[in-house]
Amino acid sequence: MAIKIYIDQGHNPQGVNAGAEGFGLREQDITYDVGIYLRDILSQDPRFEARVSRPTEDTTLGSTNAESLAARVNDANSWGADYFLSIHVNANTNPNVNGTEMYIFRSGGQAQALAENLLDSITERLDTKRNGVFVRPSLYVLRRTQMPAVLLELAYITNEDDAEKLDEDRYEFADAIYRGLLSYFGFQSA
């Protein structure tokens, strides 16, 4: 039976729950593209079944921030996802802050192991700084999902080098996430 991966493309296209911006880029556009690429890659591998939170560029979830987060979690829970990946890009007022990091609900367990594999894969493939895996139990999408969940901060949209990668290497980010999943499951490439 295929492993069900729920891909939450963080943020809405505009308005409520819109994401960070930097260097003329919008977080919600990056997360949308990476999520669609990842869904398409996973769909080519019979070991996986994938679903995205935003199937179209203009899909808007909820009319408040809370509703938007709840819609993503409820969709993943009702679908019976085996794993939940929430894709984001980071921002900081200091333009020198850069790199990739992962957030999980608690230390240890499947989510931590998955987060470590995803982090290794992204930082190796895209040559981003390895910031680490951090526990963030306050994050709604980690707290309310009924399966191991990881929130991925791919890179910093406010850092020039990271922003260039987020602009030009979206498919590579998706492929790196896929490779991280393969590593976590101990699978060979399809």
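For the structure, see preceding data.
All figures in this text were calculated on a predicted structure; none of them were measured in a lab.

The rules we used
- Residues numbered from 1 in each chain as written.
- Predicted model: local features only at pLDDT ≥ 70, side-chain atom pairs only at ≥ 80, totals over all residues.
- Heavy atoms only, no water.
- Helix = DSSP H or I, 4+ residues; strand = E, 2+ residues; numbered from the N terminus.
- Axes fitted to C-alpha atoms, helices over the stretch in contact; angles between N-to-C directions.
- Parallel < 35°, antiparallel > 145°, perpendicular 65-115°, else oblique.
- Left-handed = near helix turned anticlockwise from the far one by under 90°.
- Contact = heavy atoms within 4.5 Å.
- Nonpolar A, V, L, I, M, F, W, Y, C, P; charged D, E, K, R; others polar.
- Pairing = 2+ DSSP bridges.
- Right-handed = clockwise from strand over helix to strand, strands pointing away.

Asks: Please give an account of the environment of Arg-106 that cites residues and values.
Replies: Tracing the sequence through the fold places Arg-106 in the loop between β6 (100-104) and α3 (109-126). C-alpha separation for the pair Arg-106 and Gly-24, spaced 82 residues apart in sequence, amounts to 35 Å.

Asks: Quick one: what's the story with the packing of helix α1 (residues 27-43) against helix α6 (residues 170-185), residue by residue and with numbers?
Replies: In helix packing, the relevant descriptors are the interaxial angle and the interaxial distance, both defined with respect to the helix axes. One way to put it is that α1 packs onto α6 with a least axis distance of 8 Å and a crossing angle of 50 degrees. As judged from the angle between their axes, α1 and α6 are oblique. Once α1 is placed against α6, the crossing between them reads as right-handed. Judged by residue contacts, Asp-29, Ile-30, Asp-33, Val-34, Tyr-37, Leu-38, Ile-41 and Leu-42 of α1 engage Arg-170, Tyr-171, Phe-173, Ala-174, Asp-175, Ile-177, Tyr-178 and Leu-181 from α6. Here the residues of the contact of α1 with α6 sort into 12 nonpolar, no polar and four charged.

Asks: How would you summarise the pairing of strand β7 (residues 130-135) if you had to cite specific residues and measurements?
Replies: It is a general feature of regular strands that their side chains alternate between the two faces of the sheet. As paired elements, β6 and β7 share five bridges and run parallel to each other. If you follow Thr-100 over to β7, its bridge partner there is Arg-130. Read from β6 through α3 to β7, the crossover connection turns out right-handed.

Asks: Give me the lowdown on the packing of helix α5 (residues 160-168) against α6, citing residues and values where you can.
Replies: Where α5 contacts α6, the two axes come as close as 5 Å, and the packing angle between them is 85 degrees. Compared by their axis directions, α5 and α6 come out roughly perpendicular. Of the residues in α6, those touching α5 at Lys-165, Leu-166, Asp-167 and Glu-168 are Arg-170, Glu-172 and Phe-173. A per-class count over the contact of α5 with α6 returns two nonpolar, no polar and five charged.

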